[in-house]
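# Overview (structure and organization)
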Amino acid sequence: MQQEIGLLVVFLIVFLYDTFMPARTQRALPGLSVALMLILTAAGFVAELMGYCPSAESAFAGMYVTGTAAAAIKTILNVGVVIVMLQSVHWSNSEAMSVRRGEFYELMLVTLFGMYLMISARHFLLFIIGLECASLPLAAMVALEKNRYESHEAAVKYILTAVFSSAVFMMGLSFVYGLTGSLYFQDIYYALTGQLSMLLILALAFVIAGVGFKLSLVPFHLWTADVYQGAPTNVTSYLSVISKGAAAFAFMVILTQVFGTLYSVAWEWMLYALIILTITVGNLFAIRQRNMKRFLAFSSVSQAGYIMLGIIAFNAMGMTAMMYYILVYIFSNLAAFGVIGAIENATGKVSMDDYNGLYRTNPRLAVAMMLAMFSLAGIPPFAGFFSKFFIFTGAINQGSTAIYVLVLIALINTIISLYYYLLVVKAMFISEDECPVAYFRSSCGERAGLWITVGGILALGIVSWFYDSITEAVASSQAMMYFIG
């Protein structure tokens, strides 16, 4: 539990600084938060490199279990949080946000702690605590810009969706408890061996629907575009990347460690339908968007479908590919949101048409956005190409005819996604505009965030150490992740 304890220490320091330090020193709070999260993230990397992460560690009578794979995904999320904090320094120190500066960082750390619990929970009561801890503060983050009507509307939509999805999820859990008499993952796994009834299939459908809301899987995605557009851009980037990565890993744990015995007879086919719908609908709706935040909202819906391919693989390779995909997605999506946030903070513009001719006035931002679009589209030699390659390879390794058809549909959708990602590149480098976005110099935090994300997009595609490290973490956790053969 070293990572959870470390995160709580970071939260307490930020909270105490925000509460008791004089007003003239409050502008240093974002820098302090970034520094503390950097230390926590570096400690996670050092622990993994030095072999300090135990292959399995439990607490609270087995309700909490962690190991090298869980520690690796938490460290990956920490990297994303550091980047979001860097990109948020200028915005959080603005006059409009000065009175809510501390709340932004404190709520972010609370949601991250909830995601930690979701990842390590092996009992559904602890999982629900983590789920609500990760969801409810996000509604407050979405509503941080209280003087904007769109922010209020987005927060209401998000909280209503979160409440409804939690109710659906817990309805499914009540059926599972009635069938098995336990909420421990392992007990349910063995109790369901040999069972198959309509009530169990209904329970599984409710569980998938409940978590599907968090992941924006179609048809549970309708809140995504409105919330992404209405929320502050820095909150949107956090919601689209960190929250999605944690939910994907937790979803994989639930499906495999709780309902693993029903893989081929129930949830495999449910996910086939959800993946096809999610990738296809996300791509088709992204083509129609002109607002950049709504554009990336539907892009993230499509990306969630690709992430789910790692779960369908139902093997160690699929789990490794999914974690690597989340890592690459963090760098690629945060690079895009970093450019959007910088332009919005300087000019207030968020339409794709406003990006016409951007290369002539702000070439560095245009190149950063281009690399992000290329990576999200899966164009070699950028990191997104390798993440898609590994996720497809892990899925195909499962070996069934149906999975080949599923991967073929995903590949066709990749071509569709290439079209709309290149629309942004076309606007910046080819389209003419009489009044393009004027030259401006972004803040130090925004530039640092973009340098890190662009470096990640380039390095993750050519340095194999990252993928190899995730592979070793998954391999050393096989005793804990008992669904992996």
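One structure accompanies this document, and this report is about it. (Residues numbered from 1 in each chain as written. Predicted model: local features only at pLDDT ≥ 70, side-chain atom pairs only at ≥ 80, totals over all residues. Heavy atoms only, no water.)

### A word on the packing of aromatic side chains
Operational definition: Here a pair means two rings of Phe, Tyr or Trp (six-membered ring of Trp) with centres within 6.5 Å. Their orientation is stacked below 30 degrees between planes, edge-to-face above 60, and tilted elsewhere. For helices the rule is a DSSP run of H or I covering at least 4 residues; for strands it is a run of E covering at least 2, with both sets numbered from the N terminus onward. In this scheme, a residue with accessible area under 20% of its type's maximum is buried, one over 50% is exposed, and one in between is partly exposed, where area comes from a 1.4 Å probe on protein chains only. Geometrically, a charge over a ring is one whose NZ (Lys) or CZ (Arg) sits within 6 Å of the ring centre while staying within 35 degrees of the ring normal.
According to the stated counting rule, one finds 27 aromatic pairs in the structure shown. Ring plane angle 55° and centroid distance 4.7 Å describe the contact between phenylalanine 124 and phenylalanine 185, whose orientation is recorded as tilted. A residue pair is termed long-range when its members are at least 10 positions apart, and phenylalanine 124 in helix α5 (residues 124-142) and phenylalanine 185 in helix α7 (residues 185-191) qualify at 61 residues. With relative accessibility at 0%, the residue phenylalanine 124 sits in the buried group. What makes phenylalanine 185 buried here is its relative accessible area of 1%. Between lysine 74 and the ring centre of tyrosine 116, over which it is positioned, the NZ or CZ distance is 5.5 Å. Here the guanidinium or amino end of lysine 388 rests over the ring plane of tyrosine 306, the centre of that ring lying 4.8 Å away.

### As for the packing of helix α13 (residues 316-347) against helix α16 (residues 383-396)
Applicable threshold: Axes here mean lines fitted to C-alpha atoms, for a helix over just the part in contact, with angles spanning 0 to 180 degrees between N-to-C directions. Small angles under 35 degrees read as roughly parallel and large ones over 145 as roughly antiparallel, with 65 to 115 read as roughly perpendicular and the rest as oblique. Handedness of a crossing follows from how the near helix is turned relative to the far one, being left-handed for an anticlockwise turn of less than a right angle and right-handed for a clockwise one. Throughout, a residue-residue contact means that at least one pair of heavy atoms, one from each residue, lies within 4.5 Å. The nonpolar class holds Ala, Val, Leu, Ile, Met, Phe, Trp, Tyr, Cys and Pro. Asp, Glu, Lys and Arg form the charged class, and all remaining residues, Gly among them, are polar.
It is the contact of α13 with α16, at a shortest axis distance of 8 Å, that shows an interaxial angle of 160°. In terms of their interaxial angle, α13 and α16 are classed as roughly antiparallel. Like other packed secondary-structure pairs, α13 and α16 cross with a definite hand, here left-handed. Here Met317, Gly318, Ala321, Met322, Tyr324, Tyr325 and Val328 of α13 come into contact with α16, specifically with Ala383, Gly384, Phe386, Ser387, Lys388, Phe390, Ile391, Thr393 and Gly394. Of the residues assigned to the contact of α13 with α16, the class counts are 10 nonpolar, 5 polar and 1 charged.

### Overview of helix α8 (residues 198-215)
Basically, it comes down to this: By definition here, a helix of n residues has an expected span of 1.5 Å times n minus one.
With 18 residues, α8 ought to run about 26 Å at 1.5 Å a step, and its terminal C-alpha atoms sit 25 Å apart, in line with that. By the burial criterion, the buried members of α8 are Leu200, Ala203, Leu204, Val207, Ile208, Ala209, Gly210, Val211, Gly212, Phe213, Lys214 and Leu215. At its buried positions, α8 is contacted by α5, α6 (149-180), α10 (233-257), α11 (263-287) and α12 (292-313). Phi turns positive, to about 65°, at serine 216, one or two residues after α8.

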